[in-house]
Amino acid sequence: MKDEAKTKKQLIEELGALRERCAELERFAGEQKPTEESIAQLATFPELNPNPIVELDFAGVIHYLNQAAKGLFPDLQTRGLEHAWFQDWNSVIVKLTGEGKVSYVRDIQMDNFWYEQSIHCLAEGRRIRIYGVDITERKRAEEALKNTLQETKQRQAEVSALLEASRAILQYHDFKDSARSIFDSCKNLTRATAGYIALLSKDGTENEVLFLDSGGLPCTVAPNLPMPIRGLRGEAYRDGKAVYDNEFSQSEWMNYMPEGHVRLSNVLFAPLMMGGKVIGLLGIGNKPGGFTENDARMASAFGELAAIALHNSRTLEALESSEERLRSVVTTANDAIISVDSSGKIVFWNNSAETIFGYSADEAIGKPLTLIIPEQFHEAHKKGMDRVVV
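Residues numbered from 1 in each chain as written. Predicted model: local features only at pLDDT ≥ 70, side-chain atom pairs only at ≥ 80, totals over all residues. Heavy atoms only, no water.

Caption draft 1: Seen up close, unusual backbone geometry. Although it is not a glycine, Arg-191 adopts a positive phi angle of roughly 65°. Considering the arrangement of structural elements, one finds Arg-191 in the loop between helix H6 (175–190) and strand S6 (194–200). Under the relative-accessibility criterion, Arg-191 is labelled partly exposed at 49%. One non-glycine residue with positive phi stands out, namely Asn-286, at about 55°. Tracing the backbone through its elements, the reader meets Asn-286 in the loop between strand S11 (277–285) and helix H8 (293–332). (Helix = DSSP H or I, 4+ residues; strand = E, 2+ residues; numbered from the N terminus. Buried < 20%, exposed > 50% of the residue type's maximum accessible area, 1.4 Å probe, protein only.)

Caption draft 2: Looking closely at the pattern of salt bridges. The final tally for this structure, using the stated rule, is 16 salt bridges. Here Arg-129 ties to Glu-55 by a salt bridge, and the two come within 2.8 Å at their closest N and O atoms. In this pair, Arg-129 sits in strand S5 (residues 127–134) while Glu-55 sits in strand S1 (residues 53–57), placing the two residues 74 residues apart along the sequence. Overall, the relative accessible area of 25% leaves Arg-129 in the partly exposed class. Residue classification places Glu-55 among the buried positions, given a relative accessible area of 10%. Ionic pairing is found between Asp-107 and Arg-138, a salt bridge with its closest N-O pair at 3.7 Å. With Asp-107 in strand S3 (residues 103–110) and Arg-138 in helix H5 (residues 136–171), this residue pair connects regions lying 31 residues apart in the sequence. Beyond isolated ion pairs, a larger network of salt bridges with shared partners links Asp-107, Glu-116, Arg-138, Lys-139 and Glu-142. (Salt bridge = Lys/Arg side-chain N within 4 Å of Asp/Glu carboxyl O.)

Caption draft 3: Inspection of the packing of aromatic side chains at higher detail. Summed over all chains, the structure comprises seven aromatic pairs. Considering the side-chain rings of Phe-183 and Phe-211, the 5.3 Å spacing of their centres and the 75° angle between planes classify their relative orientation as edge-to-face. A residue pair is termed long-range when its members are at least 10 positions apart, and Phe-183 in helix H6 and Phe-211 in strand S7 (residues 206–213) qualify at 28 residues. A relative accessible area of 9% places Phe-211 in the buried class. Aromatic pair Tyr-196 and Phe-269: ring centres 6.4 Å apart, planes at 50°, arrangement tilted. Here Tyr-196 is found in strand S6, whereas its partner Phe-269 is found in strand S10 (residues 267–274), with 73 residues between them in sequence. Phe-269 shares its class with Tyr-196; the two are buried. (Phe/Tyr/Trp six-rings, centres within 6.5 Å; stacked < 30°, edge-to-face > 60°.)

Caption draft 4: Representation of the layout of surface pockets. Estimated volume of the largest pocket: approximately 610 Å³. As for the largest pocket, its lining consists of 34 residues, and the residues nearest its centre are Tyr-196, Met-227, Arg-233, Met-257 and His-261. Listing elements by their share of the lining of the largest pocket, those giving two or more residues are S6, S7, strand S8 (227–228), helix H7 (231–239), S10 and S11. Examining the composition of the lining of the largest pocket, we find that five residues originate from one element, S7, more than from any other. Along the lines of polarity and charge, the residues of the lining of the largest pocket split into 25 nonpolar, six polar and three charged. Each pocket or cavity is described by its volume, and for the second largest pocket that value is around 160 Å³. What lines the second largest pocket is Leu-199, Leu-200, Ser-201, Lys-202, Glu-208, Met-274, Ile-279 and Arg-314. Classifying every residue of the lining of the second largest pocket gives four nonpolar, one polar and three charged. (1 Å grid on protein atoms, 1.4 Å probe; cavity = no way out; pocket = protein on both sides within 12 Å on 5 of 7 lines; lining within 4 Å. Points joined across faces, edges and corners; volume = space filled by probe spheres on them. Nonpolar A, V, L, I, M, F, W, Y, C, P; charged D, E, K, R; others polar.)

Caption draft 5: Representation of the pairing of strand S2 (residues 62–65) within the structure. Alignment of S1 against S2, held across three bridges, turns out to be antiparallel. In the sheet register, Leu-56 faces S2, and the bridge partner there is Ile-62. Taking the residues between adjacent antiparallel strands as the criterion, S1 and S2 are bridged by four residues, where Gly-60 takes a positive phi near 95°. (Pairing = 2+ DSSP bridges.)

Caption draft 6: Structural view of the environment of Gly-132. Within the secondary structure layout, Gly-132 lies in strand S5. With a relative accessible area of 2%, Gly-132 lands in the buried category. Considering only alpha carbons, one finds Gly-132 and Trp-85, 47 residues apart in sequence, at a separation of 9.5 Å. Sequence-distant contacts of Gly-132, defined by excluding residues within four places in its chain, comprise Asn-51, Pro-52, Trp-85 and Glu-116. (Contact = heavy atoms within 4.5 Å.)

Right, here's the structure in full:
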């Protein structure tokens, strides 16, 4: 009976221990369930990622594409390394193997889209994983910013060139000097390598070349050789607008080029306008890459400056000629002609004044006018000068 009671007691104890073990297992299972759920959730991240993720081995065999990659590049699996996603792939392999890098970032362009690829060599060293991000908008913004900066620099260069050309108008009285400076500013801004400035002949049938810049190329044409108004030059004269031809070397007008003329691949002509009429041309040529509408616009501005320089030069010449004629008349006049400045000092004394008053020009110029005024009239003269000056 004792043994039987003992056996029952042992069974009860063992049953209690078994129950405790079952409770422990239930608690452990409860603890493991969230972990398994987390693992499952983590496993869905690549699939839920809106950006393409690709995994392949070093032989180029693709082992994994997430849904984004499949949707964006449906032929990626079939085309393999021939696909644009793997462009310049050999350089990637070199960086991961030859240079020993474990990760590498690069930008690639596929049609009108840009992607940033973050390429990683996995820890086991047998797979390569690529994370892609669409950076098209960023690239477009960068390109827009770059274009804006280039345009700003171009506008600054244009303003500087125009200011330099404008200064030449004030600096040089001789049109040939100012025209050359204006032409050089235009040529440098547009990156043309040759050209000239010419004025229309009096009969309106030819260009009379003021100077010719061959750009260092051989040119044996005589400077005074007639340059008829025809072809593209004729258009510029007729319409009063800048014109250009980037295939001039293939045009029919090449047949009219005189022997020994500089070879021209492209040309641009801008008119010099005065009083609504074309009175000359600014011609430039042989620009690497060809001329643009902006070049035509700027050449027109330089043409206007050259026309202003010509008008300024002619006006100064006319003024100097007029002054010379006036001086000649005044000097040879029978009457004494005397000029004084605001302080009453003599600045001009003609020949008749020498004869009438007995003083030479050297003796009189710089002296007060009272030199020839009786002393009793000095005070009245001073008051009269004060009234005139005031």
